[in-house]
Amino acid sequence: MKMFSISHKTAFVVDHCPYMAESCRQQVEFDMLTKNRPQGVIPLAPVSKSLWTCAVECSMEYCRILYDIYPTRKLVNFIVSDSEFHILNSWNQADQSTQELMAALAAVGPPNPHEDPECCSILHGLMAAVESLCKITEYQHEARTTLMDKADRVSNRGRIICITNAKSDTHVRMLEDYVQETIQEQNKLAISSDRLMQIQQCELVLIHTYPFGEETLVSDRPKKEEEQHANTSANYDVELLHHRDAHMEFIKSGDLHPAGSTSRDSGLKETVTLKWCTPRTNSVELHFCTGAYRISPVDVNSRPSSCLTNFLLNGRSVLLEQPRKSGSKVISHMLSSHGGEIFLHVLNCTRSTLEDPPSISEGCGGRVTDYRITDFGEFMRENRLTPFPDVQGSEVAGKVPLERAKRQLERHTRYWPMIISQTTIFNMQAVVPLASLIVKESLTEEDVLTCQKTIYNLVDMERKNDPLPISTVGTRGKGPKRDEQYRIMWNELETLVRTHMGSSERHQRVLDCVLACRSKPPEEEDRKKRGRKREDREDKGEKNGKDSESERSWQESERLKAALERDREELAEAEVIKDSPDSPEPLNKKPRLEVEDVQPAEKAKGPVSLLTMWTNRINTANSRKHQEFAGRVNSVNNKAELYQHLKDENGMDPHENGKAMR
Amino acid sequence: LVSRPPAMPTVVLMDVSLSMTRPVQLDGTEEFQRKNLAVHGLTMLFEHMATNYRLEFTALVAFSSLWELMVPFTRDYNTLQEALNNLEDYDKTCLEPALQGVSNIVQQEWGSTCPCQVVLVTDGSLGIGRGSLRHSLSTIKHRSEDKKFPLPFPFPAKLYIMCIANAEELQNSDTLDNLEQLLSLNGGEGQIFTVEGPLKLIDQAYTPFHAVLRCGNLSSDVQVFPRPEPVIMDEEVDPAPRTILTDLEIVGFIEIGDISSPPVLSRHLVLPIAVNKDVDEMGTGTTDETEEENSANQMAGKSPNFCVLLHGSLKVEGMVALVQLGPEWYGMLYSQADSKKKSNLMMSLFEPGPEPLPWLGKVSQLGPTSDAKENPYGEDDSKSPFPLQPKSKRSYAQNVTVWIKPSGLQTDVQKILRNARKLPEKTQTFYKELNRLRKAALAFGFWDLLKGVADLLERECTLLPDTAHPDAAFQLSHAAQQLKLASTGDSQYAAFDHNITPMLTDFSGSGSSDRDRM
């Protein structure tokens with residue numbers, strides 16, 4: 001288990017004793033001569049940093065790089081030691097920021113050179129560091145909670161980086177022994193606490209600081225990273241730090257080791273030089289990328305560095321090429337930023353085992369040419385994902401966003417013909433409003449109205465005998481007759497709406513409307529021509545035995561129909577074939593003259609589905625066997641209000657005053 | 001970080017030493033040369049692959065005391081078969097150089113990250129004395145760096161050993177011990193088979209991966225090629241191999257620009273397959289069957305398939321489909337075109353985990369856009385909710401102060417000076433830079449610098465030309481005085497969060513143009 005490796009916790013212990021106030025004796029010129037400087041001005045004396053300043057700068061630089069490359073899960077606890085210890089932050093992720101640490105360090109200030117050196121010691125800080133390493137982090141706590149019975153598998157390891165002035169080898173050994181002893185003591189205490197963990201492993205890094213010695217500090221860098229140069233076209237290098245895995249292929253291939261080098265253990269050369277290469281790439285290209293690692297520039301504020309990072313932060317990408325043993329070059333990496341973070345992408349540069357596969361058109365379904373590509377594209381856009389904030393307890397309510405996305409996909413695909421010649425309704429612009437609404441989880445009243453309008457519009461088209469985009473694929477001759485076309489169209493629309501009837505009562509109402517409006521059997525067609533009034537009367541007579549609900553909705557729709565008459569006049573010509581050039585030609589361009597044509601016997605089965613006919617028959621039969629329940633007779637949309645008499649007696653709504661009733 | 005699941009080319013390493021011509025007696029059958037049995041077994045393997053793994057690359061290497069690449073990596077199983085039938089007999093068995101040869105061939109062709117299967121076919125007599133496997137293994141610990149034993153291979157490899165010998169023969173020698181040692185050198189990846197080997201090998205290593213790809217109620221039967229191998233996450237508390245589901249469910253769609261070249265473990269072709277197509281397990285297809293299969297293929301070609309629809313729309317729209325591979329494991333489907341403009345439906349596997357890509361956030365928190373209060377893509381598709389912004393900015397995206405190199409400090413001082421000379425126009429920038437320096441100097445305990453810069457500003461004040469704006473002198477001496485106060489460490493003036501503000505003078509209004517730009 002590597003989840004909590006040594007680098008999960010790093011305790012910095014910086015010596016704040018009086019001798020750290022000493023100058024490092026490295027002078028920094030800060031009054032540089034500039035071009036437009038008047039003659040004869042003597043530059044100011046250079047300043048020199050104290051050992052303390054050097055130590056703080058270097059530990060801050062360590063944190064800067066650490067937080068750039070590992071923004072989470074690699075934690076720092078900063079401790080300062082003088083006559084006592086000062087803990088500047090906690091292991092909490094929220095405390096992990098250089099800004100916070102800088103503020104805390106400013107409050108500590110430089111060491112006081114006049115303090116009694118006898119009272120001051122680095123040991124205070126080391127003890128605090130060991131205690132701190134025993135403290136459980138948020139991540140460890142979370143892991144222990146999730147693992148429950150296996151909680152003991154969560155390990156507790158860490159590193160102490162101590163910046164001090166070691167007086168002698170004996171002094172160093174004393175510090176090591178002290179840390180060792182303190183760990184043993186603290187581990188005993190940790191056994192009996194929930195908030196403490198025993199330290200299983202601790203790496204102690206002692207950094208000795210002394211005047212004249214700048215190198216020891218500056219060269220200290222996180223061990224896990226290595227450096228990499230990006231040589232820009234203008235001949236300057238940008239050195240970047242990142243996780244070493246980004247060069248795995250390079251290391252394994254042996255390209256890192258020049259010919260003749262024998263020892264692999266002598267330490268990897270830590271810097272790989274990659275060259276900025278000219279082919280630009282764009283974000284719409286999907287590269288085959290085997291890893292992506294955050295980077296941090298070594299010299300963050302240098303001109304070349306900020307040039308490169310700004311270029312990347314502005315959304316552009318840089319391809320990098322790598323020299324090979326053979327002398328050839330290969331594009332091996334890509335620098336690119338995502339959300340203000342720069343990543344080094346590792347590109348696959350070996351031969352692919354997937355080369356030259358057969359095209360998808362050679363496989364199953366590859367010969368089909370009229371897929372609804374545009375429609376499915378539209379479907380994909382509607383089903384794009386978007387991030388939602390992580391709210392506690394959302395799992396319980398069944399509102400995990402991804403689960404909702406899956407549910408939406410399920411609803412949207414309940415009826416989804418894949419090819420143009422398999423569908424009529426999805427080739428009709430007139431159906432679009434209904435088709436896009438019916439898949440919704442819930443409908444508003446307005447949605448229902450729009451669906452109904454769509455349906456009436458179709459009724460109107462049928463009345464006018466408008467042509468439909470019915471496929472002729474696989475049929476000989478002119479294809480089906482006009483009324484047969486409408487029968488097919490209504491069947492399909494019913495199928496679509498029926499798949500959603502269970503979603504809500506409003507979905508059901510849309511289905512009711514379809515069932516009520518869809519074209520009547522052929523014999524009715526004739527009657528229709530003889531006048532709507534009579535048809536209505538006959539219709540009522542025919543349906544006499546049926547429940548009042550469907551009757552009501554029929555009447556309702558008739559009423560709406562009249563109201564919408566004018567709108568429809570305009571809509572009628574909006575009929576367009578929507579999708580691909582492969583769509584069949586609209587049929588029967590010449591007006592049909594043989595209206596009186598007698599229908600073949602089978603077609604007389606009419607537009608009502610077998611299920612509907614059967615259900616109607618059963619309902620009729622059943623309704624004759626008993627007297628209808630009074631509630632159902634008086635119901636509105638199959639819902640009857642109870643205790644209506646109470647309302648009459650009290651003149652108030654019983655729901656609102658339930659208690660008063662008793 | 002992760003054991004990578006592979007695309008899996010195969011190297012067949014065939015023993016052509018003289019001992020392979022020894023007869024083997026199987027119950028109730030006539031005598032065969034071991035070589036004949038080996039060729040027969042490999043023929044079965046090649047036929048199986050030609051039927052089920054047409055896209056797999058295979059190479060044939062023959063070895064005795066020397067080794068030779070008979071057929072480089074190819075998908076042409078006829079060539080492989082032909083070479084197999086025409087193998088000649090040579091001298092003795094020297095396995096080590098042959099394995100080294102395999103290692104070189106694979107690395108040259110596929111690099112060191114592509115996993116491979118090595119099928120070693122031998123009679124189990126692995127040589128005597130120098131050059132024998134026993135000798136190689138006994139000296140393994142005393143090698144110099146450049147003469148290292150070729151195992152473990154530098155690439156992930158499964159070593160399958162087909163040993164053409166019966167159990168009795170193996171029991172009477174140390175062959176099995178040596179071969180097992182070879183396997184353990186390869187990290188235990190692989191298996192040893194005896195005479196019945198080929199069938200088991202086919203079962204073990206060359207079963208095609210079939211799955212159902214779903215998008216709501218739309219679905220298609222597919223073969224995923226190459227076969228996705230189990231993945232082990234080292235970072236988990238309880239690492240167990242994870243295998244992708246045979247029910248691959250699309251959870252939604254994302255623009256290519258938003259998913260932005262994500263790192264993946266492996267790539268696979270997603271090939272639609274016809275249902276109810278009985279694939280002959282042994283692949284011993286006669287001509288008739290092949291014709292039948294062809295016509296079946298033609299039929300399948302003509303019935304609509306969801307993969308083809310999905311591929312077409314992904315290609316046209318420049319999008320990918322996010323697909324769930326298992327619990328907290330996701331991948332993406334997209335259209336991939338090769339140089340010849342042939343294109344295909346591909347699936348890439350992300351690293352297992354709840355948040356494989358930082359710029360998408362937790363995958364379980366991705367939901368339908370219709371749930372959002374307003375369309376995150378904008379009404380005209382001009383916006384995108386991706387990439388997700390991290391909580392804190394990285395050092396290169398904010399104005400950090402680093403003075404480890406003198407140049408860093410010098411640049412910052414110069415910036416202040418440059419602005420000082422353009423007072424009062426640059427009042428705001430001057431104070432902004434001044435405060436940045438002040439904060440860093442306080443944090444680093446670098447009070448001497450504060451004094452130094454104060455001196456510098458005072459000197460600048462004396463050098464102001466007569467034409468300078470009177471406000472410049474006021475601001476410079478005010479700033480210098482404030483820095484001096486801070487350098488005392490007096491808590492009243494040296495507070496980190498305190499900012500030096502411009503001195504209010506009668507002329508202050510003149511800096512407004514600069515202020516507007518800030």
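Since we're looking at a predicted model, the values are computed, not measured.

### Points about the nonpolar core
Line of reasoning, step 1. Formed by 67 residues in total, the largest nonpolar core has its most connected members in B:Phe430 and B:Leu457.
Line of reasoning, step 2. The element that contributes the greatest number of residues to this core is helix α1 (residues 51–69) of chain A, accounting for 12 residues.
Line of reasoning, step 3. Core analysis: the next-biggest nonpolar cluster, separate from the first, contains 59 residues, A:Ala292, B:Tyr53, B:Leu269 and B:Tyr334 among them.

### Some thoughts on the sheet that holds strand β12 (residues 266–272) of chain B
Residues and elements named next belong to chain B.
Line of reasoning, step 1. Taken in spatial order, the 7 strands close into a barrel running β9-β10-β12-β15-β14-β13-β11, and their pairing is mixed. Across the sheet, the axes of successive neighbouring strands diverge by a mean angle of 40°, strand direction being ignored.
Line of reasoning, step 2. In this structure, strand β9 (residues 209–215) lies alongside strand β11 (residues 247–255), joined through 3 bridges in parallel fashion. When the sheet's bridge partners are listed, Leu 213 is paired in β11 with Leu 248.
Line of reasoning, step 3. Of the strands in this sheet, β9, β10 (218–225), β11, β12, β13 (319–326), β14 (329–337) and β15 (343–349) touch helix α10 (residues 306–317), which is tilted by about 85° from β15.

### Overview of the side chain of B:Asp258
Line of reasoning, step 1. Structurally, B:Asp258 is set in helix α8 (residues 256–259).
Line of reasoning, step 2. Although B:Asp258 is buried, it makes no salt bridge; A:Arg384 carries the closest opposite charge, 6.3 Å away.
Line of reasoning, step 3. Contact partners of B:Asp258, with chain neighbours within four places excluded, come to B:Trp359, B:Leu360, B:Tyr377, B:Ser384 and B:Phe386.

### What about the confidence of the model for chain B?
Atom-level detail of predicted coordinates should not be read off regions where pLDDT is low.
Residue and element names in this part refer to chain B.
Line of reasoning, step 1. Averaged over every residue, the pLDDT of chain B is 84; the share at 70 or more is 87%.
Line of reasoning, step 2. Low pLDDT, under 50, characterises residues 1–7; the predicted model gives this stretch 30 contacts beyond four residues in sequence or across chains.
Line of reasoning, step 3. With pLDDT under 50 throughout, residues 277–290 is counted as low confidence; its partners more than four residues away or in other chains account for 17 contacts.
Line of reasoning, step 4. The ipTM value of the predicted complex is 0.74, and its pTM value is 0.74.

### Examining a negative patch on the surface
Line of reasoning, step 1. Together, A:Glu176, A:Asp177, A:Glu181 and A:Glu185 give the surface a local cluster of negative charge.
Line of reasoning, step 2. Turning to its location among the elements, A:Glu181 is positioned in helix α5 (residues 169–191).

Rules used throughout
Residues numbered from 1 in each chain as written. Chains lettered and ligands numbered in written order. Predicted model: local features only at pLDDT ≥ 70, side-chain atom pairs only at ≥ 80, totals over all residues. Heavy atoms only, no water. Core = buried A, V, L, I, M, F, W, Y, C linked by side-chain atoms within 4.5 Å. Buried < 20%, exposed > 50% of the residue type's maximum accessible area, 1.4 Å probe, protein only. Helix = DSSP H or I, 4+ residues; strand = E, 2+ residues; numbered from the N terminus. Pairing = 2+ DSSP bridges. Axes fitted to C-alpha atoms, helices over the stretch in contact; angles between N-to-C directions. Contact = heavy atoms within 4.5 Å. Lys, Arg positive; Asp, Glu negative; His and termini not counted. Salt bridge = Lys/Arg side-chain N within 4 Å of Asp/Glu carboxyl O. pLDDT = per-residue confidence, 0-100. Patch = residues over 30% accessible without salt bridge, like charges linked within 9 Å, V, L, I, M, F, W, Y side chains within 5 Å. Areas by Shrake-Rupley, 256 points an atom, 1.4 Å probe, with all protein chains shown as cover. Charge placed at Lys NZ, Arg CZ, Asp CG, Glu CD.

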